[in-house]
Amino acid sequence: MADLLSYLNPEQRAAVTLPDEPALILAGAGSGKTRVLTTRIAWLIQTGRINPAQVLAVTFTNKAAREMIARLSALLPLNPRGMWIGTFHGLCNRLLRVHCRAAGLPATFQILDIADQLSALKRLLKGLNLDSEKYPPKQLQNFINHAKEEGLRPSKMDVDNPFNRKFVELYEAYEIQCQREGAVDFAELLLRSYELLAREVSLREHYQARFQHILVDEFQDTNRLQYQWLKLLAGSKGAVFAVGDDDQSIYGFRGANVGNMLDFQREFEVRNLIKLEQNYRSHGHILDAANGLIANNAQRLGKNLYTEAGAGEPVRVYRAETDTREANWLGEEIHALIEQGGALDQIALLYRSNAQSRVFEHMLVSQGIPYRVYGGLRFFERQEIKHALAYLRLLDNLDDDTSFLRVVNFPTRGIGARALEQLNDMARLHQCSLAAAVTYVGGKTGANLIAFVQFIEQMRHATQAMSLPEVVEYITQTSGLIPHYETEREGQDRIENLRELVNAAVAFVAENGDELNTPARSIPLAPGATPAAQLPVNESAQISLTAEATDGMTPLSAFLSHASLEAGDNQAQTGQNAVQLMTVHAAKGLEFNAVFITGLEEGLFPHQNSTNDANSLEEERRLMYVAITRAKKRLYLSFAESRMLHGQTRYNVGSRFIDELPTEGLKWLTSKRDSFAQNSMTRSRDENSWGRNWFAKKSTQEVRVAPSALEARQRTAATGFWIGQAVFHTKFGEGTVAALEGNGAEARAQVNFSRHGAKWLALAVAKLQPIDD
DNA sequence: CGTATAGACTTTTTT
DNA sequence: AGTCTATACG
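Residues numbered from 1 in each chain as written. Chains lettered and ligands numbered in written order. Predicted model: local features only at pLDDT ≥ 70, side-chain atom pairs only at ≥ 80, totals over all residues. Heavy atoms only, no water.

*Asks:* What should I look at first to understand the overall build of chain A in this one?
*Replies:* When helices and strands are tallied, chain A shows 30 helices and 21 strands. Within chain A, the proportion of its 773 residues that are buried is 53%. Across chain A, every contact between residues at least 6 apart in sequence was considered, and the portion connecting residues at least 24 apart equals 76%. As displayed, chain A has an accessible area near 34,000 Å², and 50% of this comes from carbon and sulfur atoms. (Helix = DSSP H or I, 4+ residues; strand = E, 2+ residues; numbered from the N terminus. Buried < 20%, exposed > 50% of the residue type's maximum accessible area, 1.4 Å probe, protein only. Contact = heavy atoms within 4.5 Å. Areas by Shrake-Rupley, 256 points an atom, 1.4 Å probe, with all protein chains shown as cover.)

Next up, the structure:
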């Protein structure tokens, strides 16, 4: 036990060894938050206060959950799978799977991600013949998700104005549709399990008794419903150990409610409040900047970071005339850092919005600096993956209309819009799923539809005895997806991804194999046989003390849940030997030796939309605080006085956030000019179209300019190719390199082929031959 | 049914 | 500017 605590500072130790009562730990950036959380769990177990099965720990991301499990395994010789450690959604899914009947859900319920939800809503509107101009699906989606996050069902909602009433009606219709299809969206996972616990007294008491200790990570990011869920699960005696940092609350825009921290203190009568203020990450000047900035926020619980690492280097500030110059300066600075022996993956370029990455990418390519951009499409969000998953879902649950529609005609089977319209009518008429309605459609169309359902049935039978990876492999082939992509020009990448999906299944089975039943599926349900809505809701739930993450699920169901709940890693990892590019939001929780915070301009950061409202401005400031505290040794701030944005050159002044930093620790690399405080009103030029065009042309031309000898060498070192180079490909013939990205095994080049157009090629795979001329 | 073109949109995003 | 989406056309 002494070992466990010996690496902790007094505050951390105090937090870890708190009595069995509600506690709030205000953990500043870099103060050892995860260490405290994991050590607390280990300490509770090691001192015999609880056994592992009584632990419930909640995080927001799968990555955080994985990290917690990994660190716990290092501290304790036990299997952490028996513990309930996971994301809110993951744990709710687990709860609902175990108690699906009590929750009124079919065992094979499918999880809708935001894209699935949106298409379900579009389908709903279409079916009701409603104008999607008048009722924008996105708006409806927000409305529904908001309502659910407030714990509101349609019956409990205000219908004072006609517009609202329509939305409530649609919300209700959507619920009925989801229930019929056995579909559950993200917010529903939470609300459903909340209602389950609220309604089923014995179930609730069981879990309350079991989870004597509930630990919550990133508490400042919880929304109303998550807070209520915790409160319900904790009951009157539960010791909730909440760790968070109000200064790092940057997800208010998607429902996170910092107010939960105050509510928690009040409603749980928190007597144990501990602040972790010693920072183990950054040097002094960086922390001074962070502290000085965040002191400008009025709504804070109050906290001041300190370090014993010394003042370190000053914070460097750079003013550029244009965004291109800002980027070029970055390039020079990065080269200097590399020469000083800095690792590439320890350099981060941060920006407020994704659109800003373009200029940097352009520069990094032309300078031959390897880089990696985070954000964008993730693995399980790719269309080919979603198609494959849709087939898999149909094996599990033919009533899943979202999946049915997604693949009924992909690859094409002569089932067009008209056929689906008829099918839709029949389904509505008979109150059943699309798959169950195929027999009601007559003629050739009906025959096609029946053939599709039979095709799925056939695949279901064929895969009966297969292992999960075999099923996935079988489906990608037999469904026609891979053959289809083989004929498509750009299909090679997609086929690669489908193969990767098989690998993902292999990995999934390897990780969860012990808890999974084999074969991949149990007895299938006939289409439309048991409408979930008619299942008895009050059936007393079976309680399992050893419920695992995949308990009660077939490997296929578990894998599908996994795919929905974990879209694939998108956060930066070290060891990639490339400069890391990401938004400030994406950088939360990470740290780098050198950090560049770019685009620090009024209107960009803080963002235009946030400058008029005090609360949003404070959130922007917290965002800046998060950005600053990512840096360990060196921090750069930069801004550009003119910037291409949305096809227009915009002129900006430096961000007010620069003015809010203590001047002692700042080192201006340029003259200080045009700051927000000095003359925010005087600068407001407009650009005529002439200037714009000239500017735009110039910057596009730059890409194609032949590289200088020095630059060419750097590029060759990174990828072996340079932009503008003539190349030969055995299949596509002659072409010119138009762009390069990544490095090593991941390096890709965009080549304009004279006969086959532009293509992205992986350099490790495609055998490109340089042509000397 | 697939392709072409016009039109909308552009802060941040996990589950 | 650039990208994705809806719709019209062959």
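Here the narrative resumes.
*Asks:* In this structure, what is going on with the packing of aromatic side chains? I would like to understand it.
*Replies:* Both the distance between ring centres and the angle between the ring planes are used here to describe each pair of aromatic rings. Under the defined criterion, the tally for this structure stands at 23 aromatic pairs. Taken together, a centroid distance of 5.2 Å and an interplanar angle of 80 degrees make the contact between Phe379 and Phe380 edge-to-face. For Phe380, a relative accessible area of 7% puts it in the buried group. Looking at Arg94, its charged tip hangs above the ring of Trp84, at a distance of 4.3 Å from the centre. Looking at Arg97, its charged tip hangs above the ring of Phe109, at a distance of 3.7 Å from the centre. (Phe/Tyr/Trp six-rings, centres within 6.5 Å; stacked < 30°, edge-to-face > 60°. Lys NZ or Arg CZ within 6 Å of the ring centre and 35° of its normal.)

*Asks:* Looking at this model, I keep getting lost on the pattern of salt bridges. Mind explaining?
*Replies:* Opposite charge on two side chains permits pairing when their charged atoms draw close. Per the stated rule, a full pass over the model turns up 45 salt bridges. Across the pair Arg460 and Glu457 runs a salt bridge whose closest N-O atoms are separated by 3.1 Å. Taken together, the positions of Arg460 and Glu457, both in helix H20 (residues 443-462) and 3 residues apart, correspond to about one turn of that helix. Through salt bridges with shared partners, one network takes in Lys148, Arg153, Glu175, Asp185, Glu188, Arg192 and Glu195. (Salt bridge = Lys/Arg side-chain N within 4 Å of Asp/Glu carboxyl O.)

*Asks:* Teacher, can you tell me more about the packing of helix H10 (residues 201-210) against helix H11 (residues 224-234) here?
*Replies:* Two numbers describe a pair of packed helices, the interaxial angle and the distance between the axes. Relative orientation of the contacting elements H10 and H11 amounts to 85 degrees, with a least axis distance of 8 Å. Relative to H11, the element H10 is oriented roughly perpendicular. For the pair H10 and H11, the contacting residues are Arg204, Tyr207 and Gln208 in the first and Leu232, Leu233 and Ala234 in the second. Residues that form the contact of H10 with H11 fall into these classes: 4 nonpolar, 1 polar and 1 charged. (Axes fitted to C-alpha atoms, helices over the stretch in contact; angles between N-to-C directions. Parallel < 35°, antiparallel > 145°, perpendicular 65-115°, else oblique. Nonpolar A, V, L, I, M, F, W, Y, C, P; charged D, E, K, R; others polar.)

*Asks:* Before we go on, may I ask you to explain the protein's contact with DNA strand C in this structure?
*Replies:* Residues in contact with DNA strand C, as listed here, are Lys122, Arg358, His646 and Gly647. The protein-proximal atoms of DNA strand C, defined as those within 4 Å of the protein, are 50% sugar or phosphate. With respect to DNA strand C, the side chain of Lys122 contributes an N or O atom lying 3.3 Å from a phosphate oxygen. For the surface near DNA strand C, a count of residues per class yields no nonpolar, 2 polar and 2 charged. (Near = heavy atom within 4 Å. Polar contact = N/O pair within 3.5 Å; in protein donor to acceptor, adjacent residues only side chain to side chain.)

*Asks:* What should I look at first to understand helix H23 (residues 491-512) in this one?
*Replies:* Helical periodicity: at 3.6 residues per turn, an α-helix aligns residues three or four positions apart in one direction. End to end, H23 covers 31 Å across 22 residues, agreeing with the expected 32 Å (1.5 Å per residue, within 8%). Residues Gly491, Ile495, Asn497, Leu498, Leu501, Val502, Ala505, Phe508 and Asn512 constitute the buried set of H23. Buried residues of H23 fall within an arc of 160 degrees about the axis and therefore sit on the same side. Projecting away from the buried face of H23 at angles above 90 degrees are the exposed residues Gln492, Ala510 and Glu511. The inward-facing, buried residues of H23 contact helix H16 (383-396), helix H21 (468-478), helix H22 (481-487) and helix H24 (555-565). (Expected span 1.5 Å × (residues − 1). Arc of directions from axis to C-beta.)

*Asks:* What is the right way to look at the protein's contact with DNA strand B in this model?
*Replies:* The full set close to DNA strand B counts 27 residues, and Arg352, Asn354, Asn409, Thr412 and Gly416 are the nearest of them. Expressed as a percentage, the sugar and phosphate content of the atoms of DNA strand B within 4 Å of the protein is 56%. Between Asn354 and DNA strand B, the recorded distance is 2.7 Å, taken from a backbone N or O atom to a phosphate oxygen. One nitrogen or oxygen atom from the side chain of Asn409 is found 2.7 Å from a phosphate oxygen belonging to DNA strand B. In terms of residue class, the surface near DNA strand B is made up of 8 nonpolar, 15 polar and 4 charged.

*Asks:* Any chance you could explain the packing of helix H5 (residues 88-98) against H11 here in plain terms?
*Replies:* Relative to each other, H5 and H11 sit at 55 degrees, their axes nearing to 12 Å. Classified by the angle their axes make, H5 and H11 are oblique. Two packed elements cross with a definite hand, and for H5 against H11 that hand is left-handed. Residues Phe88, His89, Leu91 and Cys92 of H5 lie in contact with H11, whose contacting residues are Gln226, Trp229 and Leu230. For the contact of H5 with H11, the residue count by class is 5 nonpolar, 2 polar and no charged. (Left-handed = near helix turned anticlockwise from the far one by under 90°.)

*Asks:* Just checking my understanding: could you explain the confidence of the model for chain A for this structure?
*Replies:* Regions with low pLDDT carry predicted coordinates that are not meant to be interpreted in detail. Of the residues in chain A, 81% reach a pLDDT of 70 or more, and the chain-wide mean stands at 84. Contacts of residues 521-548 to residues separated by more than four positions or lying in other chains number 52 contacts, the stretch itself having pLDDT below 50. Across residues 678-713 the pLDDT falls below 50, and counting only partners more than four positions away or on other chains, this stretch makes 32 contacts in the model. (pLDDT = per-residue confidence, 0-100.)

*Asks:* Explain the nonpolar core to me, please; I cannot follow it from the model alone.
*Replies:* As a rule of thumb, nonpolar side chains are buried together in soluble globular proteins. Ranked by internal contacts, the top residues of the largest apolar core, which has 52 residues, are Leu392, Phe404, Leu423 and Phe452. Contacts of Leu392, omitting those with residues within four sequence positions, involve Val471, Val472, Ile475, Leu556 and Leu560. (Core = buried A, V, L, I, M, F, W, Y, C linked by side-chain atoms within 4.5 Å.)

*Asks:* Explain the environment of Asn593 to me, please; I cannot follow it from the model alone.
*Replies:* Following the sequence through the fold, Asn593 ends up in strand S13 (residues 592-597). Separated by 245 residues in sequence, Asn593 and Ala348 place their C-alpha atoms 8.4 Å apart. When neighbours within four sequence positions are excluded, Asn593 is seen to be in contact with Gln346, Lys632, Lys633 and Arg634.

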